[in-house]
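So the chains spell out like this:
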Amino acid sequence: MDVRSQISMVFHLDKCIGCHTCSVACKNVWTDRRGAEYMWWNNVETKPGTGYPTKWEDQEKYKGGFEKKNGGVDLRAVGRIRGAATVFHNPSLPIIDDYYEPFTYTYEDLINAPEGADQPVAKPISMITGEPMKIEAGPNWDDDLGGSPIYAANDPNLDALSSEERTALFEVQRLVFFYLPRICNHCANPACVASCPSGALYKRGEDGIVLLNQERCRGWRFCVTACPYKKTYFNWGTGKSEKCILCYPRLESGQAPACFHSCVGRIRYLGNLLYDADQIVDAINRPDHELVEAQRDMILDPFDPAVIAAARANGLAPDVIEAAQRSPVYKFVKLWSLALPLHAEHRTLPMLFYVPPLLPMMASVGDGIYDTSIDQFLGTIDSYRLPLKYMASLFGAGNEAPVRHALRKQLATRMYRRQVTTDDLEEANVRLALSETDTTAEQAEAIYRLTSLAPFDERFVIPPMHREEAIEMLGDTADAKGLTGLGFREGPQRGA
Amino acid sequence: MLDVILFGAFPYVAVVLFVGVSIQRYRREPFTYSSLSTQFLESRNLFWGSVPFHVGVLVLFFGHLLGFMFPRQVMLWNAMPARLFILEVSALICGILTIVGLVGLILRRARSARLRVNTSVNDILVYIALLCSIITGLWVALSLRWGSAWYTHTIVPYLQSLIVMQPDIQRVAELPLAARLHIISAFALFSLFSFTRLVHIIVAPVPYLWRPTQLVIWNRDRKTTSGA
């Protein structure tokens, strides 16, 4: 058992209101620079939709992630041999137009334009060339199903549906969508790290954050192709790739990452998980429908004395283990099986988990009228307006079982709370819903609390990062006694 | 006198710049080491420039290198006229691939507004130096045929004399103009090398072929610290 700690995330999609505050917080802190204007380390997509970059889920086009081949698992496109063959021109690299051409406006014209018959206008100009441009795409161009015949209808996840189901989804009365905020998943088996020819990408041992060493990156761009989530970006100005750093400088000082901190809907949870790195190889070799479960099996119980002993033997600090015991992510992912990885079929073991949205689920339509007169409170999962197959394509690697369980458990919790507050449901029905999803009353209460009431400190349990010990990678601190200081500093010099 | 400067001194300057500045830059400014790819801004035309250019230039580079290292073997190979012919034609084809690719790359850059704003003086210098080398090389190939035969008693002894620090300038000073220009432009390319994006050649990702798939970096020794 090789116990590691991983800072891990849960996004509760029922609570996301699609306000993009997370995206803007991230943009202002990290990517408001030349060459990075087009990057949104955090973005929010409308589902169904084609997302950002356009159709990022279409691996026929972008060839991201791992796939099973020759009895093992290898990168889909930029492994050792294929990568070497395409190093001079990578046919599956997304280009700027797959994202959008960044733009601004000539605001100064509003003030400086000479007096005339017309109101001055601010013209859109490209942030690459500075030339006037016609804006034809943006990072959330299909927000709230805008242009859905072009965008939402081309969502690759709809391939799982029959043509009738697809047609039904886009009837005006039945239109339905939800939001999918995305950041780097800080995978346990990151495809970007596996693909980097220069070894610039790495996973931090202590906390599992995936980082990119700017001084080692040579701009071969394999990582951009390899990431199935398209969350490594190429800075066209510096000629280096960049990615979400999970605001590690904030984490190291005990603060939540900017996107987490700013989340208006409070959908985000952060905490560490203990997992068994020895199980990675087995987990990524399982067939698609077992992947979600295999990843959950990797996560260890932080209360188990054997796990604690192995963690201590592996150098994990007691307070890191203690943080794992309080981790909201552990509860959502492991204890309650409510949170699921996004597109687990790419075998990167993403460590960002989503609670699939229960709403909007009711209201079937007959004769153009919403029918809410259902026997059962909130209806059943199978009359869900977004077909379960669609949700399974996103969160179950094609397997409906874990998604169905997560939704039914949420439903059971709601029924339980309804009974507590208004007491208008058949008690037998509520008990049945709870028992069918292995939910006790205490657990339902805990899910309700963490979902709806949890304050800051319960949503973000940030393990101590022990950066004070990182100094030891530079050498023995005793050796530096009596010198000018520690670290990369040079000796004091007079004059000049 | 000019010959002494060009063929006796300049090669040493080029090598010192090539080695010294490359190392210094790697140590002091590792961030600046990049291939500076522009595929992200323009992909379709890049294919028709980058692929023929790189394939051609790689074959030519290693051809030149092998010829210098194993002149005797090359002479033996060339003992049969048919084989000499095959070697020369292959080299010429690579030269044409290279120039076609390079001209394609230059036109691509000149035509795209996005690429023009992302072009530095250094990029232009690289294009000029490469163009000079390739054009003079093709000139040699076409006007002074069977270079793979005559180089063994001209260029090879000259390069060897440079290595032992006793430049034998006469070996090359009397070569035809095309050959002399080719030699000078090659050393010019070497002297520019470490100041430009050409440095991506020396950080080519060869170790990728055998390195472990995943890379995990620990800040501290996980077995000994943080324990108590």
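Fair warning: this is a prediction, and the values are worked out from it, not measured in the lab.

Brief notes about the overall build of chain A
1) Next: Helix and strand counts for chain A stand at 20 helices and 16 strands.
2) Next: Relative to a compact globule of 496 residues, whose C-alpha radius of gyration would be 23 Å, chain A shows 25 Å and is just as compact.
3) Next: For chain A, the spread of C-alpha atoms along the three principal axes comes to 85 × 75 × 50 Å.
4) Next: Of all 496 residues assigned to chain A, the portion counted as buried reaches 56%.
5) Next: Considering only residue pairs separated by 6 or more positions, chain A has 69% of its internal contacts joining residues 24 or more positions apart.
6) Next: Taken as a whole, chain A presents about 20800 Å² of accessible surface, with 52% of it coming from carbon and sulfur.

Here we look at the nonpolar core
Residues and elements named next belong to chain A.
1) Next: Core analysis: the biggest nonpolar cluster contains 94 residues, and Phe-11, Tyr-38, Phe-260 and Phe-395 have the highest contact counts within it.
2) Next: In terms of residue count, the dominant contributor to this core is helix α17 (residues 400-421) (seven residues).
3) Next: Summarising the domain contributions, this core has at least three residues from each of domain 1 (12-252) and domain 2 (270-459).
4) Next: Leave out the neighbours within four places in its chain, and Phe-395 touches Leu-13, Leu-180, Val-292, Leu-340, Pro-341, Leu-342, Tyr-354, Pro-356, Pro-357 and Val-403.
5) Next: Membership of the second largest hydrophobic core comes to 26 residues, among which are Ala-294, Val-329, Ala-339 and Ala-454.

Considering the domain arrangement of chain A
Residue and element names in this part refer to chain A.
1) Next: Considered domain by domain, chain A is made up of domain 1 (12-252) and domain 2 (270-459).
2) Next: Measuring from the centre of the C-alpha atoms in domain 1 to the corresponding centre in domain 2 gives 27 Å.
3) Next: Counting residues at the interface gives 47 residues for domain 1 and 38 residues for domain 2.
4) Next: Taken over both partners, the interface formed by domain 1 and domain 2 buries close to 3500 Å², and the fraction arising from carbon and sulfur atoms is 62%.
5) Next: The interface formed by domain 1 and domain 2 includes two salt bridges.
6) Next: A salt bridge links Glu-165 to Lys-389; its shortest N-O distance comes to 3.3 Å.
7) Next: At the junction of domain 1 and domain 2, the tally comes to 19 residue pairs in polar contact (both at pLDDT 80 or more).
8) Next: Looking at the side of domain 1 that touches domain 2, the elements with two or more residues in it are β3 (66-69), β4 (72-75), α6 (163-169) and β7 (178-182).
9) Next: Looking at the side of domain 1 that touches domain 2 element by element, the count peaks at four residues for β7.
10) Next: Partitioned by chemical class, the residues of the side of domain 1 that touches domain 2 number 24 nonpolar, 12 polar and 11 charged.

Re a nonpolar patch on the surface
1) Next: A cluster of nonpolar side chains, B:Val55, B:Val59, B:Phe85, B:Val89, B:Ile93, B:Leu97 and B:Trp146, forms an exposed patch at the surface whose accessible area comes to about 570 Å².
2) Next: Its place among the elements puts B:Val55 in helix α2 (residues 44-69).

Here we look at the environment of B:Ile183
Residue and element names in this part refer to chain B.
1) Next: If you trace the backbone, Ile-183 turns up in helix α10 (residues 177-193).
2) Next: Classification of Ile-183 as buried rests on a relative accessible area of 9%.
3) Next: Between the C-alpha atom of Ile-183 and that of Leu-6, which follows or precedes it by 177 residues, the distance is 9.4 Å.
4) Next: Residue contacts for Ile-183: discarding those within four places in its chain leaves Phe-7, Ile-155, Tyr-158, Val-172 and Leu-175.

Comments concerning the packing of α17(A) against helix α19 (residues 441-453) of chain A
Residues and elements named next belong to chain A.
1) Next: Where α17 meets α19, the closest approach of the two axes is 9 Å, and the angle between their N-to-C directions is 95°. Accordingly, the angle class assigned to the pair α17 and α19 is roughly perpendicular. Contacts between α17 and α19 pair Lys-409, Thr-413, Tyr-416 and Arg-417 from the former with Ala-441, Gln-443, Ala-444, Glu-445, Ile-447 and Tyr-448 from the latter.
2) Next: Class assignment of the residues belonging to the contact of α17 with α19 gives a composition of five nonpolar, two polar and three charged.

A short note on the sheet that holds strand β14 (residues 352-355) of chain A
All names here are of chain A.
1) Next: The strand order β12-β1-β14-β13 describes an open sheet built from four strands, whose pairing is mixed. Taken across any chain shown, the strands that pair with only one partner, and hence form the sheet edges, are β12 (268-276) and β13 (340-341).
2) Next: Where strand β1 (residues 3-12) lies against β12, nine bridges are found, and the strand directions are antiparallel. Within β12, the residue paired with Ser-8 across the bridge is Gly-271.

A word on the pairing of β7(A)
All names here are of chain A.
1) Next: Within β7, five of the five residues are buried, leaving the element largely enclosed by the surrounding structure.
2) Next: Burial along β7 is two-sided: Phe-178, Leu-180 and Arg-182 facing one way and Tyr-179 and Pro-181 facing the other are all buried.
3) Next: Bridge analysis of strand β2 (residues 43-47) against β7 gives five bridges, and the strand direction is antiparallel. Directly across from Glu-45, in β7, lies its bridge partner Leu-180.

Description of the side chain of A:Lys27
Residues and elements named next belong to chain A.
1) Next: Looking at where Lys-27 falls in the secondary structure, it is placed in helix α1 (residues 21-31).
2) Next: In this structure, Lys-27 is buried with no salt-bridge partner, the nearest side chain bearing the opposite charge being Asp-32 at 6.1 Å.
3) Next: Reaching out from Lys-27, the side chain makes a polar contact with the side chain of Thr-31 at a distance of 3.1 Å.
4) Next: Not counting the four nearest positions on each side in its chain, Lys-27 is found in contact with Asp-32, Ala-36, Glu-37, Tyr-38, Met-39 and Trp-40.

Details of the pairing of strand β10 (residues 232-235) of chain A
All names here are of chain A.
1) Next: Side chains Thr-232 and Phe-234 of β10 all project onto a buried face; the interleaved residues Tyr-233 and Asn-235 project onto the opposite face, where all are buried too.
2) Next: Here four bridges tie β10 to strand β11 (residues 240-243), and the two strands are oriented antiparallel to one another. The residue of β11 that forms the bridge with Tyr-233 is Glu-242.
3) Next: Connecting β10 to the next strand, β11, in antiparallel fashion are four residues, including Gly-239 with a positive phi near 75°.

Some thoughts on the interface of chain B and chain A
1) Next: Between chain B and chain A, the residue contacts involve 45 residues of the former and 63 residues of the latter.
2) Next: Both faces considered, chain B and chain A share a buried interface measuring about 4900 Å² in area, 53% of it formed by carbon and sulfur atoms.
3) Next: Interface area lost by chain B to chain A is led by B:Phe40, B:Tyr208 and B:Asn219, which between them contribute 18%.
4) Next: Viewed at the interface, chain A and chain B are joined by two salt bridges.
5) Next: Notably, a salt bridge pairs A:Glu101 with B:Arg114, separated by 2.7 Å at the nearest N-O pair.
6) Next: Linking chain B with chain A are 29 residue pairs in polar contact (both at pLDDT 80 or more), by the criterion used here.
7) Next: The class makeup of the residues in the side of chain B that touches chain A is 25 nonpolar, 15 polar and five charged.
8) Next: Where strand β8 (residues 201-204) of chain A lies against strand β1 (residues 216-217) of chain B, two bridges are found, and the strand directions are parallel. Bridge pairing in β1(B) links A:Arg204 to B:Ile217.

A short note on the sheet that holds β8(A)
1) Next: Across the sheet, which stays open at both edges, the three strands sit in the order β9(A)-β8(A)-β1(B) with mixed pairing between neighbours. Because the sheet does not close on itself, it has two edges, and the strands there are β9 (210-212) of chain A together with β1 of chain B.
2) Next: Note that β8(A) and β9(A) share three bridges and pair antiparallel. Paired with A:Leu201 across the two strands is A:Leu212, which belongs to β9(A).

A closer look at the pattern of salt bridges
1) Next: Counted by the stated rule, this structure contains 31 salt bridges over all chains.
2) Next: Between A:Asp14 and A:Arg414 there is a salt bridge, with the nearest N and O atoms lying 3.7 Å from each other. Taken together, the residues A:Asp14 in the loop between β1 and α1 and A:Arg414 in helix α17 connect sequence positions 400 residues apart.
3) Next: Judged by its relative accessible area of 34%, A:Arg414 is partly exposed.
4) Next: In this structure, B:Arg108 engages B:Glu42 in a salt bridge whose closest nitrogen and oxygen atoms are separated by 2.6 Å. A residue pair is termed long-range when its members are at least 10 positions apart, and B:Arg108 in helix α4 (residues 81-111) and B:Glu42 in the loop between α1 (2-28) and α2 qualify at 66 residues.
5) Next: Taking relative accessible area as the criterion, B:Glu42 reaches 14% and is therefore assigned buried.

Rules and cut-offs
- Residues numbered from 1 in each chain as written.
- Chains lettered and ligands numbered in written order.
- Predicted model: local features only at pLDDT ≥ 70, side-chain atom pairs only at ≥ 80, totals over all residues.
- Heavy atoms only, no water.
- Helix = DSSP H or I, 4+ residues; strand = E, 2+ residues; numbered from the N terminus.
- Rg over C-alpha atoms; globule rule 2.2 N^0.38 Å.
- Buried < 20%, exposed > 50% of the residue type's maximum accessible area, 1.4 Å probe, protein only.
- Contact = heavy atoms within 4.5 Å.
- Areas by Shrake-Rupley, 256 points an atom, 1.4 Å probe, with all protein chains shown as cover.
- Core = buried A, V, L, I, M, F, W, Y, C linked by side-chain atoms within 4.5 Å.
- Domains from an automatic or database assignment.
- Buried area = accessible area lost by both parts, 1.4 Å probe.
- Salt bridge = Lys/Arg side-chain N within 4 Å of Asp/Glu carboxyl O.
- Polar contact = N/O pair within 3.5 Å; in protein donor to acceptor, adjacent residues only side chain to side chain.
- Nonpolar A, V, L, I, M, F, W, Y, C, P; charged D, E, K, R; others polar.
- Patch = residues over 30% accessible without salt bridge, like charges linked within 9 Å, V, L, I, M, F, W, Y side chains within 5 Å.
- Axes fitted to C-alpha atoms, helices over the stretch in contact; angles between N-to-C directions.
- Parallel < 35°, antiparallel > 145°, perpendicular 65-115°, else oblique.
- Pairing = 2+ DSSP bridges.
- Lys, Arg positive; Asp, Glu negative; His and termini not counted.

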